[in-house]
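Each chain is listed here by its residues.
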Amino acid sequence: MKHTLAVLVENRPGVLTHISGLISRRAFNIESIAAGYTEEPETTRITIVVEGNEIEQEQVVNQLSKLVDVIKISDLTAVDSIQRELVLIKVKASMETRSDILNIVDIFRARIVDVNRETMVIELSGDETKIDALCQVLEDDHGIIEIVRTGKIALARGPIPAKDQ
Amino acid sequence: MKLTGAEAIIESLKNEKVDVVFGYPGGAVLTLYDALYQADFRHILTKHEQGAVHAADGYARATGKVGVVIATSGPGATNLVTGIATAYMDSIPLVAITGQVAVPLIGRDSFQEADIRGITTPITKHNYLVKKVEDLPRVLKEAFYIARTGRPGPVVVDVAKDVFAASLDYQYPQEVKLRGYRPLFAGNSDTIDKVFQELKLAQKPLIFIGGGVNLSDSSEVLKDLIAQTGFPVISTLMGLGSLPFDHPQFLGMVGMHGTYAANMATTECDLMLGIGVRFDDRVTGLLSEFASKAKIIHFDIDPAEINKNVLAHLRVVGDLNWSLPALLQQVEVVSSELKEQVQPWIEKVLDWQRENPLTYEHDTELVMPQAVIEKVSELTQGDAVIVTDVGQHQMWVAQYYGFRNPRSFLTSGGLGTMGYGLPAALGAQCGLPERPVILFVGDGGIMMNCQELATAANYNFPVKVLIFNNQSLGMVAQWQRMFYGGRYSHTSLKGQHTDFVKLAEAMGVTGLRVTKPEELGIVLAEALATPGPVVVDIRTPETVDLLPMVPTGARLDQMIMGGTEG
């Protein structure tokens, strides 16, 4: 099964190298990885989605925890959490097809962020399945030129931050 | 106080009670070497950076202190890589200080630039690139702390050339502040209670010790635990020495070249206490069948070792100096009941041991390698610091030397680094000048770092180098004989012209030779009595199989036995 891990790390040079290096040399199956600053400037938060059974998942957590710059790891899979991914999709769009695309965008509650004579860029945030569904429709009906996805980020509900869990 | 970066490093080394460093100078570390010179800091100059890092490793293994090695940028640093990986696999505390090109030149493929931080990331416990002089004291404090605490390991501190010359207001931090690194000493005491309950139920328990016992210096409390439980004991290669070989409950080494009794006990036991072990593939044989009748209780300081290779029924995560005394306290109360309960089992394993001793073909014409090791053991009363290289001789030493003391067997177990032995022996001798240090090495491995014979002579390190010269890369040749139809692809060294006695003499080392069994005792005694370093070229037979052997992928009880008492 898939596990979503919130990994808090020191915001120092080389941290991402250490993490990605460890993941590749231990042959862990990583689906996505997303990193960014947090409310504390010296801390970076990385959301990692890892595929594997309980034992494999435990190894990922234990090995990552050994890295000196990893401060805390919490597994958000079992806790009630909000999980989001952001996608930008550049889709083929002519004068004739624009209105149909607008309809689709509306249904998915996505947004148009750029338009020109041949293309439109659509922004959507949501869970993986919703994003997959939008991509599928746009590809089938209009043709996608390129896609960029951020990878999943996740936050537990309730007042307790991951660092204190 | 106002210091340069280079002076700050020397000051920090003194603060860490470092009394010797191993290294090799070069462009990027000129300023650091200038500071070493001015401070008159003890530095051992090897002939190759690989020699320096293995020497620092041997020093660390023998003394229990952190080994320190210095190398320049680029090729100097990359020459450390094998040594760092060797230390990493065996959890040896090292701090490697490397020079890096100056900050403005980093990332421009400058002369002698290599991204040593990137290169060593998979083989270090942690590493740093220091680009600001004011970071140096904190980084060094952290580096030593990380290297020696928890599960020890190597740490690389890469320092840009201009940082050595820059000045700072030096103050060495009193403590480290690392949010993501808090090595734990004591674990959960409830688990000790659970372990104790399992001990009381076991009919066929087995204590399985590894390198963690040597590294944590916990062999005394281990001996008490063994005495109080009456349980039989087996060891990994790295655990040898933490229990005297002739201890009445000790069955010897387990695994690919383990004893019959140790491998059978592993197969038959119903409870295994794995203490400071990592269930390496050379130990387990076919993993799915390893100790398959047993509940496994895993004691380790590193939580990531639990369930990595073998699934543990119970985990005891923490320092062995916490967990073993805690368990001992509970065991003492029921000591006699436990011993009585395991009596039939201990009789059985001791029968296995008695009926299946390690044996080899004795020969009156040829100098058998096992006989050499037994002779050295006799002459040193099992009390020397023994260093090996890698190959057949390494396993024979493990089988036949008969270790009595912790930290007395230095060998590259995890990485299996040929060329490790000679420089490691020099490092051990440097750390323990009063102890006899003896190196066993093959005619293959000695040539991988033979330049360090010159270092032995230059510093008059009285290491005795015993070369098992069988004119063959014996271990690989054995596998070719057993599994590749006897096609000896590039493993025969016959007809090669190296004269090891002359090689030794050319380097300033005494050279001796043994060609017949009757010379063995006399020449070995002469070698041990000769002051300074000595090389003994011992002509051993080309084709001797290392046995017993569990072929790759076989169960531990599917040993190829062999050797007959002759």
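Residues numbered from 1 in each chain as written. Chains lettered and ligands numbered in written order. Predicted model: local features only at pLDDT ≥ 70, side-chain atom pairs only at ≥ 80, totals over all residues.

**Observations regarding the overall build of chain A**
Point 1. Broken down by element type, chain A carries 4 helices and 9 strands.
Point 2. Along chain A, helices (α) and strands (β) appear in the sequence β-α-β-β-α-β-β-α-β-β-α-β-β when read from the amino end.
Point 3. If one aligns the C-alpha atoms of chain A with their principal axes, the spans along those axes are about 55 × 35 × 30 Å.
Point 4. Out of the 165 residues belonging to chain A, those deemed buried represent 29%.
Point 5. For chain A, restricting intrachain contacts to residue pairs at least 6 apart in sequence, the fraction spanning at least 24 positions comes to 73%. (Helix = DSSP H or I, 4+ residues; strand = E, 2+ residues; numbered from the N terminus. Buried ≥ 20, exposed ≤ 12 C-beta atoms within 10 Å, placed from the backbone. Contact = placed C-beta atoms within 7 Å.)

**Quick look at the overall build of chain B**
Point 1. Along its length, chain B carries 23 helices and 20 strands.
Point 2. Relative to the 2.2 N^0.38 estimate, which gives 24 Å for 566 residues, the radius of gyration of chain B is 24 Å and therefore close to what a compact globule would have.
Point 3. Over its C-alpha atoms, taken along the principal directions, chain B stretches across nearly 70 × 60 × 40 Å.
Point 4. A buried classification covers 55% of the 566 residues belonging to chain B.
Point 5. If you take every contact in chain B between residues at least 6 apart in sequence, the share linking residues at least 24 apart comes to 77%. (Rg over C-alpha atoms; globule rule 2.2 N^0.38 Å.)

**Some words on the nonpolar core**
Point 1. Counting residues in hydrophobic clusters, the biggest one holds 202 residues, and the most contacted among them are B:Val69, B:Val95, B:Val157 and B:Val536.
Point 2. Top element by residues in this core is helix α7 (residues 136-148) of chain B. It accounts for 8 residues.
Point 3. B:Val95 has contacts with B:Val66, B:Val68, B:Ala143, B:Phe144, B:Ala147, B:Val155 and B:Val157, leaving out every residue within four places of it along the chain.
Point 4. Counting residues in each nonpolar core, the second largest holds 13 residues, with A:Val91, A:Ile101, A:Val105 and A:Ile131 among its members. (Core = buried A, V, L, I, M, F, W, Y, C linked by C-beta atoms within 7 Å.)

**A closer look at the sheet that holds strand β13 (residues 295-300) of chain B**
Residues and elements named next belong to chain B.
Point 1. Taking strand neighbours across the sheet as the criterion, the 6 strands line up as β11-β10-β9-β12-β13-β14 in an open arrangement whose pairing is parallel. The open sheet has two edge strands, β11 (250-253) and β14 (314-317), and neither has a second partner. Averaged over all neighbouring strand pairs, the angle between strand axes comes to 15°, with direction disregarded.
Point 2. With 5 bridges joining them, strand β12 (residues 271-275) and β13 adopt parallel strand pairing. For isoleucine 275, the partnering residue across the bridge sits in β13 and is phenylalanine 299.
Point 3. Strands in contact with helix α9 (residues 189-201) are β9 (205-209), β12, β13 and β14; relative to β14, the strand with the most contacts, it is inclined by about 135°. (Pairing = 2+ DSSP bridges. Axes fitted to C-alpha atoms, helices over the stretch in contact; angles between N-to-C directions.)

**Some thoughts on the domain arrangement of chain B**
Residues and elements named next belong to chain B.
Point 1. The domains assigned to chain B are domain 1 (2-169), domain 2 (189-355) and domain 3 (369-539).
Point 2. Inter-centroid distance (C-alpha atoms) of domain 2 to domain 3 is 31 Å.
Point 3. Split by residue class, the side of domain 2 that touches domain 3 holds 6 nonpolar, 6 polar and 2 charged. (Domains from an automatic or database assignment. Nonpolar A, V, L, I, M, F, W, Y, C, P; charged D, E, K, R; others polar.)

**A look at the interface of chain A and chain B**
Point 1. Across the contact, 17 residues belong to chain A and 14 residues belong to chain B.
Point 2. Elements with a contribution of two residues or more to the side of chain A that touches chain B: α1 (15-25), α2 (54-66) and β4 (70-75) of chain A.

**Structural notes on the packing of helix α19 (residues 421-431) of chain B against helix α20 (residues 452-459) of chain B**
Residues and elements named next belong to chain B.
Point 1. Following both chains from N to C, one finds α19 and α20 inclined at 20°, their axes separated by 9 Å at the closest point. Our classification of the angle between α19 and α20 gives roughly parallel. Considering only the axes of α19 and α20, their crossing is left-handed. Across the interface between the two elements, Leu422, Pro423 and Leu426 of α19 pack against Glu452, Thr455 and Ala456 of α20.
Point 2. In the contact of α19 with α20, the residues fall into 4 nonpolar, 1 polar and 1 charged. (Parallel < 35°, antiparallel > 145°, perpendicular 65-115°, else oblique. Left-handed = near helix turned anticlockwise from the far one by under 90°.)

**Section: the sheet that holds strand β1 (residues 2-10) of chain A**
Remark on secondary structure: sheet strands pair via backbone hydrogen bonds, oriented parallel or antiparallel.
All names here are of chain A.
Point 1. Pairing within the open sheet is antiparallel, and its 4 strands lie in the order β2-β3-β1-β4. The sheet is open, and its two borders are formed by β2 (30-37) and β4, each paired with just one other strand. Across the sheet, the axes of successive neighbouring strands diverge by a mean angle of 20°, strand direction being ignored.
Point 2. As judged from the 7 bridges shared by β2 and strand β3 (residues 43-51), these two strands associate in the antiparallel manner. Directly across from isoleucine 33, in β3, lies its bridge partner isoleucine 48.
Point 3. Sitting on the sheet, α2 touches β1, β3 and β4, and the angle it makes with β4 is about 160°.

**So, unusual backbone geometry**
Residues apart from glycine generally show negative phi values, whereas peptide bonds are mostly found in trans.
Residue and element names in this part refer to chain B.
Point 1. The peptide bond linking leucine 547 to proline 548 adopts the cis configuration, its omega dihedral lying at -5°.
Point 2. By the element assignment, proline 548 lies in the segment after β20 (534-539).
Point 3. Phi is positive for aspartate 40, which is not a glycine, with a value near 55°.
Point 4. Position of aspartate 40 among the secondary structure elements: in the loop between α2 (30-39) and β3 (43-45).
Point 5. One non-glycine residue, serine 91, lies in the positive phi region at around 55°.

**Re the domain arrangement of chain A**
Point 1. Here the domain parsing of chain A yields domain 1 (2-75) and domain 2 (84-149).
Point 2. On a C-alpha basis, the centroid separation for the pair domain 1 of chain A and domain 2 of chain A is 31 Å.

**Describing helix α16 (residues 343-355) of chain B**
Residue and element names in this part refer to chain B.
Point 1. Taking 1.5 Å as the rise per residue, α16 with 13 residues should run 18 Å; its terminal C-alpha atoms sit 18 Å apart, in good agreement.
Point 2. Turning to α16, its buried residues number three or more, namely Trp345, Val349 and Gln353. Within α16, the buried residues cover an arc of 75° as seen down the axis, which keeps them to one side. In α16, the exposed positions angled more than 90 degrees off the buried face are occupied by Gln343, Pro344, Glu347, Asp351, Arg354 and Glu355.
Point 3. The inward-facing, buried residues of α16 abut β11 and α12 (260-268). (Expected span 1.5 Å × (residues − 1). Arc of directions from axis to C-beta.)

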